[in-house]
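Now for the letters of each chain:
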Amino acid sequence: MKPADRMAAIKGVSGMLGGDRFPLGFGMRISPEMLTVDGRVLLPPTVACRSGKDVRANQGVWNMKAEKYRETVKLESWALVNFAERQFNPGQVAEFLRAFVSIGTENGMVIGMTQPPVVRGNLNDIEGCLRTAAT
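Fair warning: this is a prediction, and the values are worked out from it, not measured in the lab. (Residues numbered from 1 in each chain as written. Predicted model: local features only at pLDDT ≥ 70, side-chain atom pairs only at ≥ 80, totals over all residues. Heavy atoms only, no water.)

**Q** What's the story with the overall build of the chain in this structure? I'm lost.
**A** Scanning the chain from terminus to terminus reveals four helices and six strands. Dimensions along the principal axes, computed over C-alpha positions, put the chain at roughly 60 × 35 × 25 Å. Considering the chain as a whole, with its 135 residues, one finds that 19% of them fall into the buried category. Considering only contacts in the chain between residues 6 or more positions apart, those separated by 24 or more positions represent 42%. Of the side chains in the chain, 17 bear a positive and 13 a negative charge, and the two mean positions are spaced by 3 Å. (Helix = DSSP H or I, 4+ residues; strand = E, 2+ residues; numbered from the N terminus. Buried < 20%, exposed > 50% of the residue type's maximum accessible area, 1.4 Å probe, protein only. Contact = heavy atoms within 4.5 Å. Lys, Arg positive; Asp, Glu negative; His and termini not counted. Charge placed at Lys NZ, Arg CZ, Asp CG, Glu CD.)

**Q** Sorry, what's going on with the nonpolar core here?
**A** It is characteristic of soluble globular proteins that their nonpolar side chains tend to be buried jointly. Residues Trp-78, Leu-80, Val-93, Leu-97, Val-101 and Ile-111 constitute the largest nonpolar core, which totals six residues. The element contributing the most residues to this core is helix α3 (residues 90-106), with three residues. Contact partners of Trp-78, with chain neighbours within four places excluded, come to Leu-97, Phe-100, Val-101, Ile-111, Met-113, Pro-116 and Pro-117. (Core = buried A, V, L, I, M, F, W, Y, C linked by side-chain atoms within 4.5 Å.)

**Q** Would you mind showing me how to read unusual backbone geometry here?
**A** One can expect most non-glycine residues to show negative phi and most peptide bonds to be in trans. One non-glycine residue, Gln-59, adopts positive backbone phi at about 55 degrees. Along the chain, the position of Gln-59 falls in the loop between β2 (54-56) and β3 (74-75).

**Q** Would you explain the side chain of Asn-82 in this entry?
**A** Tracing the backbone shows Asn-82 in strand β4 (residues 80-82). At a separation of 2.8 Å, a polar atom in the side chain of Asn-82 contacts the main-chain amide nitrogen of Ala-84. Discounting chain neighbours no more than four positions away, the residues touching Asn-82 are Phe-88, Val-93, Val-118, Val-119, Arg-120 and Gly-121. (Polar contact = N/O pair within 3.5 Å; in protein donor to acceptor, adjacent residues only side chain to side chain.)

**Q** Which parts of the structure should I look at to understand the pattern of salt bridges?
**A** Pairs may arise between side chains of opposite charge once their charged atoms sit close together. Tallied over the full model, the rule gives five salt bridges. When the shortest N-O distance is used, the salt bridge between Arg-70 and Asp-54 registers 3.6 Å. Linking Arg-70 in the loop between β2 and β3 with Asp-54 in strand β2, this pair joins segments that are 16 residues apart in sequence. Between Glu-95 and Arg-98 there is a salt bridge; the shortest N-O distance is 2.7 Å. In this pair, Glu-95 and Arg-98 both sit in helix α3, three residues apart, roughly one turn of the helix. (Salt bridge = Lys/Arg side-chain N within 4 Å of Asp/Glu carboxyl O.)

**Q** Where do I start with the confidence of the model for the chain in this structure?
**A** In regions of low pLDDT, the predicted coordinates are not meant to be interpreted in detail. Looking at the chain, pLDDT values average 85 and 92% of them are 70 or higher. Confidence, read as mean pLDDT per element, is least for helix α2 (residues 21-25) in the chain (69) and greatest for β4 (95). (pLDDT = per-residue confidence, 0-100.)

**Q** Help me understand the layout of surface pockets in this model?
**A** One way to see where empty space is left: roll a probe the size of a water molecule over the atoms. What the largest pocket holds in volume is close to 220 Å³. Of the residues in the lining of the largest pocket, the class split is three nonpolar, four polar and three charged. (1 Å grid on protein atoms, 1.4 Å probe; cavity = no way out; pocket = protein on both sides within 12 Å on 5 of 7 lines; lining within 4 Å. Points joined across faces, edges and corners; volume = space filled by probe spheres on them. Nonpolar A, V, L, I, M, F, W, Y, C, P; charged D, E, K, R; others polar.)

Rendered as structure tokens:
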């Protein structure tokens, strides 16, 4: 959901609840205004390449064409935890894994397990999902 759409949805719900007596009974007041906090935009991280060049992400993407990672370790044992099963069907997940392995290998990674287990994610038990993935 885009930020402006999310804001409109929140304002719509807060407008409906603003006159509701139920929250007031618990000492809650629902403001129709959004909270403003100070923040800053962080620079994206850089990826160190074997050529000595550092590549910085541009609009969320690192252009690694003709580059290899400076240092890699062998990715022997790993798993994918899918917290977005509604958005991505098994075929899309399999394609993501194939692309991850292919692109990682092209960029100098050594990936021993090319078909890792896919663990069903549960946002109510993230730690349990990660434990399952680690076994």
